[in-house]
Amino acid sequence: MSDDVLTMAQEAELLSRLPNITVVELEKLVERFHNAYWNESKTLISDITYDQLFERLQALNPQAAILGVLGEAYVGQAGDRVDHAYPMLSLDKVYGASALEEGLIKIGAKDWTITPKIDGLALSIRYDAQGKFKVAATRGRGTHGENVSANVLNIRTIPKSLENVVEPIEVRGEVFMTLSRFEEGYSKEFQNPRNLASGALKQKDPKRSRKYELSFFAYDLLGPMLKSEAEKQDLLQSFGFQLPPFHEAKTPKEVVNAVLAMERERASWDYETDGIVVKVADCERQRSLGETAHHPRYALAYKFQGEAAITSLKSVSWSVGRTGVITPVAEVEPVFVSGASVSRASLHHWGMFQALQLSEGARVEIVRRGGVIPHLERVLNEASNKAEATPQTKPLLQSPERCPCCGSSTRVVNDFLYCVAPNQCPDVIAGQIQYFLKVMELQGLGEVHIRTLLKHNLITNRSSLFHLDPSELCDGPRMGEKLAAKIVSELQSRRAYPLAQVIAAMGLEGVGLQTARLLVQRFADVEGIYQANREQILEIHGIGDIVADSIIQGFEMISDELSEILKYIIVTSPSMSSNDGPLANKSFVFTGKMSLMDRKHAQKRVREQGAQTPSSVTKDLDYLIYGEADTFEKISKSTKYRKALKLQESDDCALAILSESEFKSLLDSFSER
Ligand code: IVH
């Protein structure tokens, strides 16, 4: 049989013969086009004609061997849960060359490997002991992901079988869309290739998924006990996988140079990267270093910092947050960084301010980390750059001895500067109130109103919100009688809350909704938590030293205010609340138009099973469900969906994104229990 691309006339002729083609010939045709496509990367026939041949064969002989290679019966159903044989972890991150060198010295090894960190989606592909493709899954929650086999089989550069294999093998790597592919077809419509690749990988219809022409780079191989990363690379390559560029180095200094050289190459790559991965090269040393629950101890991700710009420092202002921490912010001459004008940049904390030794007019470098928040990274001194050097004329700026808001004295704990009287500091109280209202999902009172009320002593803390009179509120700016009445009636309507939500709203450091739930589960009520000692708190899996201290000290401080607040709300009893039911402690947000049931109904169903339905996507969220009445192109533009995707990248977020039908099977599986 010839290997030529079929002309349009030949395709038309083939289609006209279709009703009369024998099963044997049909099988041969499908096999030939399939093999050319998969094994030789040749497209001999249009997708439409191929699909018709395929479907005809399916109708005439569903048992045909070639169908088995691609069919659902073989690879499982899209979206099904796949338990990972080994957890899929994150990487520990470092910013900047010196942090990288320091990190590598701490790890300690004689050989290192250096590869780009591809900004795509992690994928695990398992092959059986004969080298036959078994299943492909997303990283999902690390312990288990989603079956995406049918779509992965449509990624050309992923081998469908491995040769010379004697044991089961798992290949891990990154699925992505090349920049050229993105720019050629999608850059006008979609924000970035990663979001699009994610949607395409989870697409229900494999044929549609194929059109996106996703790519895959392998970076790990599990199963055979190999000696080094280089051996893994060789084996992966011999199987036919594509690999990202790969360098080796001996010492931390050499690694840093190789990383910086690689960073310069970055612009020439046809894919997006967000850093460089450095791993210990020797597998035995990797095994002895081991892993935490989060990340392997033998690897680091050096993250790119985004564009940098140089400007001059005007002054440093200090702002007081809701925890009483006084944070320095650099006020700089406006400068463009990563496409936006920046006039204020974070200095992180007091320790950073001290270390930088700033003076007015200093030449400083501003970087938008991860492309978003501007940070003041360093002061240019004579050694680093003569032309841009800071003239050493002005005296060094000093940190405040008194709280810039309330004038109380300050004290330093570790790298942080604190106001010593947070209970009386208006900035702290305003911050606490704003946070409280947000977590309690009480809307309407903005920062301006809160500050006015505080100024006029109409409120003094969070609990005093519940005594507000509408007439007091409507004296404030941007506030009419009706709005004031509405806000006050909502505040005072004795709404029902799970206790964990109220505790989280009190804003103790490190005590978010998740930790608050753990506390309520273990100690039942506020009295129980208040009585608990440090050891008992530390027994809770998921709470460490720092948070335990914050709980002990924090509860001491908030106990009166919390008791007062509890008089004005109804605490849902554990049997009514999220501590019960099969979806206990889970939270769901819905986006997009739903087709199987309406959104209100879906929310009601999950609440009945003990789950919560907050209004927005945050890092504590468990599930984002997208409706399937909309096209996935539309969904992937939804703000909630995009935020959820972004959050999935972060280490402490276990958010799962499910389609409506996956959600339905999740619900059904719970109702059967
Ligand atoms: S090594 C523990 N190499 O980065 C995982 N990961 O934060 C060890 N990633 O989701 C992975 N490019 O999918 C490694 N060249 C590369 C990578 C890479 C991208 C992703 C990986 C994971 C994330 C870890």
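You'll find the structure just up there.
Per chain, the residues get numbers from 1 upward, laid out in the order the sequence is written. Only residues with pLDDT of 70 or above have their local features reported here, since the model is predicted, and side-chain atom pairs are shown and tallied only from 80 upward, although totals for entire chains, interfaces and linings are computed over all residues. Hydrogens and water are ignored here; the side-chain numbers use all heavy atoms of the structure.

Re the side chain of Thr515
- By definition, any uninterrupted DSSP run of H or I lasting at least four residues is a helix, any uninterrupted run of E lasting at least two residues is a strand, and each is numbered from the N terminus. With respect to the secondary-structure elements, Thr515 resides in helix H20 (residues 513-523).
- Any residue under 20% of the maximum accessible area for its type is buried, any over 50% is exposed, and the rest in between are partly exposed; the area is computed with a 1.4 Å probe on protein chains only. Residue Thr515 is classed as buried on the basis of its relative accessible area of 12%.

Thoughts on helix H12 (residues 252-265)
- Expected helix span is computed as 1.5 Å times (number of residues minus one). Helix length check: H12 (14 residues) gives 20 Å between terminal C-alpha atoms against 20 Å at 1.5 Å per residue, within 8%.
- The contact criterion used throughout is that any non-hydrogen atoms of two residues lie within 4.5 Å. Each element contacted by the buried residues of H12 is listed here: helix H6 (97-107), strand S3 (112-118), strand S9 (247-249), strand S10 (273-280) and strand S11 (299-303).

Some details on the site of the ligand
- Only heavy atoms are used to decide nearness, and a residue is near a molecule or strand if one of them lies within 4 Å of it. Surveying the vicinity of the ligand reveals 14 residues, the closest of which are Pro116, Ile118, Arg139, Glu174 and Tyr219.
- One of the side-chain N or O atoms of Lys117 is found 3.4 Å from an oxygen atom in the ligand.
- Polar contacts here mean pairs of N or O atoms no more than 3.5 Å apart (in protein, one a potential hydrogen donor and the other a potential acceptor; neighbouring residues in sequence count only if both atoms are side-chain atoms). In this structure, an oxygen atom belonging to the ligand sits 2.5 Å away from a side-chain N or O atom of Tyr219.
- Per-residue and other accessible areas follow the Shrake-Rupley method at a 1.4 Å probe size, with only the shown protein chains counted as cover for residues. Burial of the ligand by the protein amounts to 90% of the accessible area it has alone, namely 510 Å².
- Top element by residues in the shell around the ligand is S3. It accounts for four residues.

Some words on helix H3 (residues 47-60)
- For H3, built from 14 residues, the straight-helix expectation of 20 Å at 1.5 Å per residue is met to within 8% by its first-to-last C-alpha distance of 20 Å.
- Taken together, the buried positions of H3 are Thr49, Tyr50, Asp51, Leu53, Phe54 and Leu57.

Focus on unusual backbone geometry
- Despite not being glycine, Glu441 shows a phi value in the positive range, around 55°.
- Within the secondary structure, Glu441 sits in the loop between helix H15 (426-439) and helix H16 (447-455).
- Located in the positive-phi region is Ala524, a residue other than glycine, with phi close to 70°.
- If you trace the backbone, Ala524 turns up in the loop between H20 and helix H21 (526-531).

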